[in-house]
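Coordinate analysis (summary)
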Amino acid sequence: MGFPKGFLWGGAVAAHQCEGAYLEDGKGVSTCDVMHGGKGRMAEIADAKAIKANIEQPKGYFPEHTAVDFYHHYKEDIALFAEMGFKVFRTSIAWVRIFPNGDDAQPNEAGLAFYDALFDECRKYGIEPLVTLSHWEMAINLTKKYNGWAGREIVPLFDRYARTVFARYKGKVKYWLTFNEINMTFHVPFLGSGVIVDDPAKKEALCYQACHNQLVASALAVKACREICPDAKIGSMVASAIAYPYSCRPEDTWERIDLERKNYCLTDVQVRGYYPAWLKNYLAEKGIDLKAGADDERILHEGTVDFVSFSYYSTSAVSTDPAVTGEKGTGNLFGGVKNPYLKSSEWGWQVDPLGLRVALNFLYDRYQKPLFIVENGLGAKDVVEADGSINDDYRIDYLREHVKAMKTAVDVDGVELWGYTTWGCIDIISASTGEMSKRYGFIYVDKDDEGKGTLARSRKKSFFWYKDVIASNGEKL
Ligand code: BG6
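About the cut-offs
Residues numbered from 1 in each chain as written. Predicted model: local features only at pLDDT ≥ 70, side-chain atom pairs only at ≥ 80, totals over all residues. Heavy atoms only, no water. Helix = DSSP H or I, 4+ residues; strand = E, 2+ residues; numbered from the N terminus. Rg over C-alpha atoms; globule rule 2.2 N^0.38 Å. Contact = heavy atoms within 4.5 Å. Areas by Shrake-Rupley, 256 points an atom, 1.4 Å probe, with all protein chains shown as cover. Lys, Arg positive; Asp, Glu negative; His and termini not counted. Charge placed at Lys NZ, Arg CZ, Asp CG, Glu CD. Buried < 20%, exposed > 50% of the residue type's maximum accessible area, 1.4 Å probe, protein only. Pairing = 2+ DSSP bridges. Expected span 1.5 Å × (residues − 1).

Another point: the overall build of the protein. In terms of helices and strands, the protein carries 16 helices and 14 strands. For 477 residues, the compact-globule estimate of 2.2 N^0.38 gives 23 Å, and the C-alpha radius of gyration of the protein, at 21 Å, lies within 12% of that figure. Seen through its C-alpha atoms, the protein measures out along the principal axes to roughly 60 × 55 × 45 Å. The long-range share in the protein, meaning contacts at least 24 apart out of those at least 6 apart in sequence, stands at 76%. Of the roughly 17900 Å² of accessible surface on the protein, a fraction of 53% belongs to carbon and sulfur atoms. Positive and negative charge centroids in the protein, built from 57 and 65 side chains respectively, lie 2 Å apart.

In C-alpha cells, the structure reads:
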C-alpha cells in the first residue's frame, strides 16, 4: 500500500517570507513590510501605537524587505527543489506586486510577469505550483483606509485581484488556496487580516467581521476560479488546532471542544457553505452584529471549496483547572497549557507526530473532503561545520516521525490525502519572530537575524534524506 501513486511531495514558502525585493518592479508596501524582527514581534504588532509608528515613521531593520532574495534567486532555488524531486511547490502571490495599493485601477505588469516566470520555471521541472492567494499580506494602504479586512470595501478589491491572477495563470496553476491559516486572525489580527485593534474591548467583533469578509472573498474566489480555470482545484487553509483535554474532568473536554470549534468554524463555512448554529448564537449573545451583504448567504453557499489544506506543527492541551493553567505552551500562537508528555522545540512548540494522525482523522471525519498538508516542519538553529556541512538530524527525526504518522492515516485510516509540503523548504524569515535563525529548510541560506550574510545556498543533510523519501514515495524513511 503506502502513499498513492502521484502523491504530491514538496515544500512550501510564502512570498513575504522569502522574496525580499522590497518596492522593486512597482511592488507596494505591505503589512509584512512594517514588522520588526525579534521575539517581541507578535507583541509589537498587537500594540496599536507601535504598529502605527512603524507605518508612519519606519525606523530600523525590517526583515521582509530583503528576506532571502528569492525574487532574484528563484531559478537557483527551484533547481535545488527539482534536485530533491519535488512534485509540488507551494508559494503565495504577493497581492502588492499585482496591485501595489490594493485598490489600483490596473494591475502592475512587472509583478504579473514575475509570477509568470516563476511558475514557468516550476513547470520546466514538472513541479506543480500550489498557490495561496493571500498569505498574510495586503497593501498597507488598505489597512490605513479600511482597517484591513475589517472593512467590507476590500471584498470587491480582492475579487478583482483573484480574477486577474486566475486569468493570467490559468493552465499554469492547477492548485489554489484562498487564505492562509484563516483562523489566525483571531490570534493575531494584524498579521492575519491587516487589522489594528485600538480598543481591546472591540477586538472580538473586529476579528469576526474581518473573518466574515474573508469568507465572502474566499467564496467569490472559488466561484471565479471555477469560471476562469475550470480544470483547477481550489481549497481552504487552516492552522491545525488539535487540543487535548489536560484531564478527564468533563470541563476540560468541553474546553477542548470550544477551542476546536472556534478555530474550525471558518473552515466549516468554507466547506459547508453556512455558519454553524452555535456560532450564530454566540455572536448574538456577544452582541456582535456582522455587517453582511444581501447576497452573502448565497455566495457562501455557492463558493464551497474542493479540498481542505492545513498546517500542522504542534498540538496543545487545555484545562479549566487554575492549578494547571499557569504554565502556558507557546505552539504556533495558540497557547494552551504545557503538555507534560511532549518535548518542545527550541521555540517552545511541542512536538507531537501522533497528533498529525489525530489531525488528519479529525479533519477527514469532519469534512469528508480530500486533505492536503501544506505546512509541517521543525524550526531550529543550525550549525555550519568547518567543512561546510550541516548535520540537521533533529529535523530529519521530526519529519520522519510525522511522515510515518501521515502514512498510517493514509494506509490504515483511509484518509484521502493529496500531498505534503514541508514548511520553509529553504530557510526563510520566521513569521512569528522575523528571525532567520529559526530555520526550517533543507537548504541553508547564509544570512543572520541582523540581515548580514552572503545569501549563498547550501544543502543540509536533510536535503539528501528528503530526496530519498520522495524517490521512494515515502517508503525509505
Ligand atoms: C504558519 C504560517 O503559521 O507557521 C507560516 O503559515 C509560518 O507563514 C509558519 O512561517 C511557521 O511559523 P514561524 O513563526 O516559525 O515562521
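Of all seven residues making up strand 3 (residues 128-134), seven are buried, and the element is well covered by its neighbours. For strand 2 (residues 88-92) and strand 3, the ladder comprises five bridges, and the chain directions are parallel. The partner of Phe 89 across the bridge, within strand 3, is Pro 129. The pairing of strand 3 with strand 4 (residues 175-179) spans four bridges and is parallel. When the bridges of strand 4 are listed, Leu 130 appears paired with Tyr 175.

As a further point, take helix 15 (residues 393-411). Taking 1.5 Å of rise per residue, the 19 residues of helix 15 would be expected to cover 27 Å, and the 26 Å separating its terminal C-alpha atoms lies within 8% of that figure. Restricting attention to buried positions, one finds in helix 15 the residues Arg 395, Ile 396, Tyr 398, Leu 399, His 402, Val 403, Ala 405, Met 406, Lys 407, Ala 409 and Val 410. Where helix 15 is buried, its residues contact strand 1 (8-12), strand 10 (350-351), helix 14 (353-367), strand 11 (371-375), strand 12 (417-423) and helix 16 (461-471).

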